[in-house]
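Chains, contacts and geometry: an overview
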Amino acid sequence: TGQMTAGTVDLSLLGDVKAADVQLLSADGKPLAKLQQVQIRYNWNDLLKGRLGPQLIQAVTVEKPQIWVTYQQEQLNWDGFLKTKTESPSEFAGTVTLRDGELYLATDYLSQKLEQLSGSLDFQANSQITLAAAGKIDQSAVKASGQWGTSGLLDLTVSAEKINLAKLELTKADDPIQIIKGTLD
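First, a word on scope: everything that follows refers to the structure included in this document.

Overview of the overall build of the protein
- Counting its secondary structure elements, the protein contains one helix and 13 strands.
- Along the protein, helices (α) and strands (β) appear in the sequence β-β-β-β-α-β-β-β-β-β-β-β-β-β when read from the amino end.
- Residue burial in the protein is summarised as follows: out of 185 residues, 26% are buried.
- A fraction of 39% describes how many contacts in the protein between residues 6 or more apart in sequence connect residues 24 or more apart.
- With the model as given, the accessible surface of the protein reaches about 12400 Å², and the carbon-plus-sulfur share is 54%.

This is how it looks when you write it as structure tokens:
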């Protein structure tokens with residue numbers, strides 16, 4: 001399993017837990033995410049009674065996250081970060097909001113940085129997840145929305161405005177077909 005560290009953790013009287021300088025590391029110590037601040041909203045009564053757990057979280061807000069997602073040779077860098085599910089599930093059903101972040105995406109075919117990432121992941125009952133996010137790749141606007149769940153099906157829409165195809169580096173120097181210029185709308 002992976003590791004999580006936090007510089008500071010504070011509890012407010014309003015039922016919020018705030019953590020600053022949070023890092024998520026893979027089992028081999030590589031960074032998965034750096035989060036400037038994470039605010040977790042609990043029900044105050046649950047906190048007073050000493051009850052904690054993902055099923056009791058109402059909402060999570062993440063400020064200025066840096067997230068690394070690598071999918072190479074059919075291996076995702078986040079695999080193994082969390083423990084496998086136990087027989088008694090304690091599922092989170094709430095919204096995770098991201099504000100002004102960066103996403104570093106790498107695959108066998110491309111490597112890109114998505115800046116000004118903002119959006120939300122809405123975790124619903126029955127393991128249904130809805131995504132709405134936007135950001136920029138090299139000053140080109142990118143939006144993604146969709147949902148997926150227990151059926152394993154993903155319905156994802158990605159839209160972009162004026163992406164410079166040459167800068168996406170979709171082709172390698174020794175590929176017989178090269179993308180040297182052009183835009184995608």
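As for the pattern of salt bridges
- For the coordinates displayed, the defined rule picks out six salt bridges.
- Here Glu-63 and Arg-99 are joined by a salt bridge, their closest N and O atoms 3.0 Å apart. Separated by 36 residues along the polypeptide, Glu-63 in strand β5 (residues 57-72) and Arg-99 in strand β7 (residues 95-107) bring together distant segments of the chain.
- Judged by relative accessible area, which is 23%, Glu-63 ranks as partly exposed.
- A residue is classified by how much of its surface remains accessible, and Arg-99, at 42% relative accessible area, is partly exposed.
- Taking the shortest distance from any N to any O, the salt bridge between Lys-113 and Glu-102 comes out at 3.7 Å. Of the two residues, Lys-113 sits in strand β8 (residues 111-123) while Glu-102 sits in strand β7, which places them 11 residues apart along the sequence.

Description of the nonpolar core
- Core analysis: the biggest nonpolar cluster contains 28 residues, and Val-60 and Val-62 have the highest contact counts within it.
- Broken down by element, the residue count for this core peaks at five residues, all from strand β4 (residues 31-42).
- Here Val-62 is in contact with Leu-35, Gln-37, Val-38, Val-96, Thr-97, Leu-98 and Arg-99, once residues within four sequence places are set aside.

A short note on a nonpolar patch on the surface
- Nonpolar side chains collect at one region of the surface, where Leu-154, Leu-156 and Val-158 lie side by side and expose about 290 Å² of accessible area between them.
- On the secondary structure map, Leu-156 appears in strand β11 (residues 154-160).

Structural notes on the packing of aromatic side chains
- Per the stated rule, a full pass over the model turns up two aromatic pairs.
- Between the aromatic rings of Trp-68 and Tyr-104, the centroid separation amounts to 5.2 Å while the plane-to-plane angle is 10°, which identifies the pairing as stacked. Taken together, the positions of Trp-68 in strand β5 and Tyr-104 in strand β7 put the pair 36 residues apart, joining distant regions of the chain.
- Look at Trp-68 and you get partly exposed, because its relative accessible area is 22%.
- Judged by relative accessible area, which is 22%, Tyr-104 ranks as partly exposed.
- Between Trp-78 and Phe-81, the ring centres sit 5.6 Å apart and the planes meet at 75°, which makes this aromatic pair edge-to-face.
- On the basis of relative accessible area, Trp-78 is assigned to the partly exposed category, the value being 25%.
- Judged by relative accessible area, Phe-81 falls into the buried class, the value being 14%.

What about the pairing of β5?
- The pairing of β4 with β5 spans nine bridges and is antiparallel. The partner of Tyr-42 across the bridge, within β5, is Ile-57.
- Relative to β7, β5 is paired through 11 bridges, and the arrangement is parallel. Each residue of the ladder has a partner; that of Val-62, found in β7, is Leu-98.
- Strand direction decides the pairing type here: β5 and strand β6 (residues 75-76), joined by two bridges, are antiparallel. Among the inter-strand pairings, Gln-72 is bridged to a residue of β6, identified as Gln-75.

Reading guide: rules and limits
- Residues numbered from 1 in each chain as written.
- Predicted model: local features only at pLDDT ≥ 70, side-chain atom pairs only at ≥ 80, totals over all residues.
- Heavy atoms only, no water.
- Helix = DSSP H or I, 4+ residues; strand = E, 2+ residues; numbered from the N terminus.
- Buried < 20%, exposed > 50% of the residue type's maximum accessible area, 1.4 Å probe, protein only.
- Contact = heavy atoms within 4.5 Å.
- Areas by Shrake-Rupley, 256 points an atom, 1.4 Å probe, with all protein chains shown as cover.
- Salt bridge = Lys/Arg side-chain N within 4 Å of Asp/Glu carboxyl O.
- Core = buried A, V, L, I, M, F, W, Y, C linked by side-chain atoms within 4.5 Å.
- Patch = residues over 30% accessible without salt bridge, like charges linked within 9 Å, V, L, I, M, F, W, Y side chains within 5 Å.
- Phe/Tyr/Trp six-rings, centres within 6.5 Å; stacked < 30°, edge-to-face > 60°.
- Pairing = 2+ DSSP bridges.

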